[in-house]
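For reference, the chains in residue letters:
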Amino acid sequence: MLNKDKVHPVADSYCPSCHSDDVTCIGKIPASGSFGGRVLEHAIAGAYLFRCESCQLYFRYPKLPTQKLEELYQLAVNESWSTTFTERVDWVIASQWIGGSHEFGDVLDIGCNDGVFLTGLGDEYSRYGIELNADSAKRAEERGVQIIGQHFEDVMKQTRHGFDVITAFDVIEHVEDPLYFMQLIADKLNENGEIVISTGNTASKTWTFMGSKYWYCHYPEHITFINPEWVNGAAQKLGLRVVDMALFSHSRSSMLFKVSEVLKNLMYMCFPSLTGWLRIKGFGAVNVTNHRELVDQPPGWVSAKDHIIIRLQKMTN
Ligand SMILES: [Zn+2]
């Protein structure tokens, strides 16, 4: 459902990836009270969600300045990204895909956090990681992961190492130009090498219904968003073959929790004033006492099947 909010005049907005100015404003993204899992002292103002009609990328505009984003990443809590292997549906799918096509080889995980995914793959693989956070990188190394750098772009430009599989879970939504990100990855693949990427999917039913008020795009660290159509176009441009795509929910939830999230989001969309009033009266998880601007922060919908995992293979010349 397209948001009919009156959109501010953004005459200069263009796609951060293909630079087309044929872009459509989907609607206003509400303010957010957290960043990288950390509750902030000051809320971050909202923005607008746009779709590029040329490459089908969705993007946040305006995004926070790069320096501000870097400061916030530094403050983000490590522990909030820590998890076990089987909790992550995308890791389980990825390990089955990788095991089915590569019995051994060199695997690189971009944004490897504390190395739990790589460790879970098994000792038959040589495991490499790129991780920005020093504490997480140290924990990954203690698990046997070879950390080859902190900053994705620098590492990919400098390393001469080729990889059989390169993975990036929940990373692509943080980069300004996802096509360039994929190109740098594709350049480092060995023959028949594969890329596995997971992220939110703008074409999911729940996102289509909620538009710019969807929970996934209100986090200010999420700046670009993809979908199957974008993936197919990107694969063609980069000489990659889409081998597999699977839709999944980021969280394993009980039926009761799923129903409660559906009801909260329906109420938020259909009766925004009532939702705001209830929050002001102290009901609900959003604390609006000190931050009245969070009165229309979207409820979470982590039980929705709104994520996608994609497997691409480098085509041999
Ligand atoms: Zn574009």
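Our subject is the structure listed above.
Attention in this report is confined to the structure presented alongside it. (Residues numbered from 1 in each chain as written. Predicted model: local features only at pLDDT ≥ 70, side-chain atom pairs only at ≥ 80, totals over all residues.)

## What about the overall build of the protein chain?
Thinking step 1. Counting secondary structure elements, the protein chain contains 10 helices and 13 strands.
Thinking step 2. For 317 residues, the compact-globule formula gives about 20 Å, and the C-alpha radius of gyration of the protein chain, at 20 Å, lands near that figure.
Thinking step 3. On the principal axes, the C-alpha backbone points of the protein chain span a range of 55 × 40 × 40 Å.
Thinking step 4. Burial status across the protein chain gives 40% buried among its 317 residues.
Thinking step 5. Within the protein chain, counting contacts between residues at least 6 apart in sequence, those at least 24 apart form 71% of the total. (Helix = DSSP H or I, 4+ residues; strand = E, 2+ residues; numbered from the N terminus. Rg over C-alpha atoms; globule rule 2.2 N^0.38 Å. Buried ≥ 20, exposed ≤ 12 C-beta atoms within 10 Å, placed from the backbone. Contact = placed C-beta atoms within 7 Å.)

## Looking at the sheet that holds strand β10 (residues 189-200)
Thinking step 1. Reading across the sheet, the seven strands line up as β8-β7-β6-β9-β10-β13-β12 and stay open at both edges, with mixed pairing between neighbours. With partners counted over all chains shown, the strands left at the sheet margins are β8 (146-149) and β12 (240-248), one partner each. Between one strand and the next, the sheet's axes are offset by a mean angle of 20°, whatever the strand orientation.
Thinking step 2. Against the sheet, helix α6 (residues 178-187) engages β9 (163-169), β10, β12 and β13 (307-314), with an angle of about 150° to β10.
Thinking step 3. Strands in contact with helix α8 (residues 228-238) are β12 and β13; relative to β12, the strand with the most contacts, it is inclined by about 160°. (Pairing = 2+ DSSP bridges. Axes fitted to C-alpha atoms, helices over the stretch in contact; angles between N-to-C directions.)

## Some words on the nonpolar core
Thinking step 1. Of all hydrophobic cores here, the largest spans 66 residues; its most connected members are Leu49, Phe50, Leu57, Phe59, Val107, Ile166 and Ile195.
Thinking step 2. Residues from two domains meet in this core; each of domain 1 (23-78) and domain 2 (80-251 + 302-314) gives at least three.
Thinking step 3. Other than its neighbours up to four places away in sequence, Ile195 contacts Ile166, Ile185, Ala186, Leu189 and Leu312. (Core = buried A, V, L, I, M, F, W, Y, C linked by C-beta atoms within 7 Å. Domains from an automatic or database assignment.)

## What to know about the pairing of strand β6 (residues 105-110)
Thinking step 1. As defined by bridge partners, β6 adjoins strand β7 (residues 125-130) across six bridges and the pair is classed as parallel. Paired with Ile110 across the two strands is Ile130, which belongs to β7.
Thinking step 2. Following the backbone out of β6, through helix α3 (residues 116-121) and into the adjacent parallel β7, one traces a crossover that is right-handed. (Right-handed = clockwise from strand over helix to strand, strands pointing away.)

## A few points about helix α9 (residues 255-270)
Thinking step 1. For α9, built from 16 residues, the straight-helix expectation of 22 Å at 1.5 Å per residue is met to within 8% by its first-to-last C-alpha distance of 22 Å.
Thinking step 2. Among all positions of α9, only Glu261, Asn265 and Tyr268 are buried. Looking straight down α9, one finds its buried side chains confined to an arc of 60°; they lie on one side. Opposite its buried face, α9 presents the exposed residues Met255, Leu256, Val259, Leu263 and Cys270, each directed more than 90 degrees away.
Thinking step 3. If you follow the buried residues of α9, they end up packed against α7 (205-210) and α10 (272-280). (Expected span 1.5 Å × (residues − 1). Arc of directions from axis to C-beta.)

Bear in mind that shape data such as this cannot, by itself, settle questions of function.
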